[in-house]
Amino acid sequence: CEAWANREWIETLYSFFHSKMIGLEWSSGSGTLWTLRQVKHLYSIEHCKSWLEDIEKHMSAKLPWLTER
């Protein structure tokens with residue numbers, strides 16, 4: 001799981017984020033899972049309830065330690 005962006009942008013973000021940061025994103029997806037691995041906490045604003053439920057289900061099954069973040 002990586003942010004949905006080109007490699008240069010991902011590398012830039014990776015060097016910018018650190019484990020004490022709290023983030024805010026608009027819309028959730030594979031970038032959400034990638035970002036959760038980089039920061040302490042992430043707030044995600046999602047307008048589609050069924051998509052959010054799918055993301056939560058995926059996280060609970062594959063990455064349960066990130067669910068609380």
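Caption draft 1: Structural context of the overall build of the protein. Across its full length, the protein holds three helices and two strands. A total of 69 residues make up the protein; the buried ones form 30% of that total. Partitioning the contacts of the protein with sequence separation of at least 6, the portion at a separation of at least 24 is 37%.

Caption draft 2: Broad picture of the pairing of strand β2 (residues 41-45). Sheet topology places strand β1 (residues 22-26) next to β2; five bridges connect them, and they run parallel. Along β2, the bridge assignment pairs Trp-26 with Ile-45. A crossover links β1 with its parallel partner β2, the connecting element being helix α2 (residues 30-36), and its sense is right-handed.

Caption draft 3: Region of interest: the packing of aromatic side chains. Evaluated as defined, the whole model comprises two aromatic pairs. Taken together, a centroid distance of 6.0 Å and an interplanar angle of 55° make the contact between Phe-16 and Phe-17 tilted. Judged by relative accessible area, Phe-16 falls into the exposed class, the value being 53%. A ring pair is formed by Phe-17 and Trp-34, whose centres lie 6.0 Å apart and whose planes are at 50°; its orientation type is tilted. Placement of Phe-17 in the loop between α1 (7-16) and β1 and of Trp-34 in helix α2 is noted, with a sequence separation of 17 residues between them. Under the relative-accessibility criterion, Phe-17 is labelled partly exposed at 21%.

Caption draft 4: Quick peek at the nonpolar core. Of all hydrophobic cores here, the largest spans eight residues; its members are Leu-33, Leu-36, Val-39, Leu-42, Ile-55, Met-59, Leu-63 and Leu-66. Secondary structure elements with two or more residues in this core: α2 and α3 (49-62).

Caption draft 5: Broad picture of the side chain of Glu-25. As for its placement among the helices and strands, Glu-25 is situated in strand β1. With near-sequence residues (within four places) excluded, Glu-25 lies in contact with Thr-32, Leu-42, Tyr-43, Ser-44 and Ile-45.

Caption draft 6: Looking closely at the side chain of Ser-28. Tracing the sequence through the fold places Ser-28 in the loop between β1 and α2. Other than its neighbours up to four places away in sequence, Ser-28 contacts Ser-44, Glu-46, Trp-51, Leu-52 and Ile-55.

Caption draft 7: View of unusual backbone geometry. In this structure, Ser-27 takes a positive phi of about 80° despite not being glycine. Relative to the assigned elements, Ser-27 resides in the loop between β1 and α2.

Rules used in this analysis
- Residues numbered from 1 in each chain as written.
- Predicted model: local features only at pLDDT ≥ 70, side-chain atom pairs only at ≥ 80, totals over all residues.
- Heavy atoms only, no water.
- Helix = DSSP H or I, 4+ residues; strand = E, 2+ residues; numbered from the N terminus.
- Buried < 20%, exposed > 50% of the residue type's maximum accessible area, 1.4 Å probe, protein only.
- Contact = heavy atoms within 4.5 Å.
- Pairing = 2+ DSSP bridges.
- Right-handed = clockwise from strand over helix to strand, strands pointing away.
- Phe/Tyr/Trp six-rings, centres within 6.5 Å; stacked < 30°, edge-to-face > 60°.
- Core = buried A, V, L, I, M, F, W, Y, C linked by side-chain atoms within 4.5 Å.

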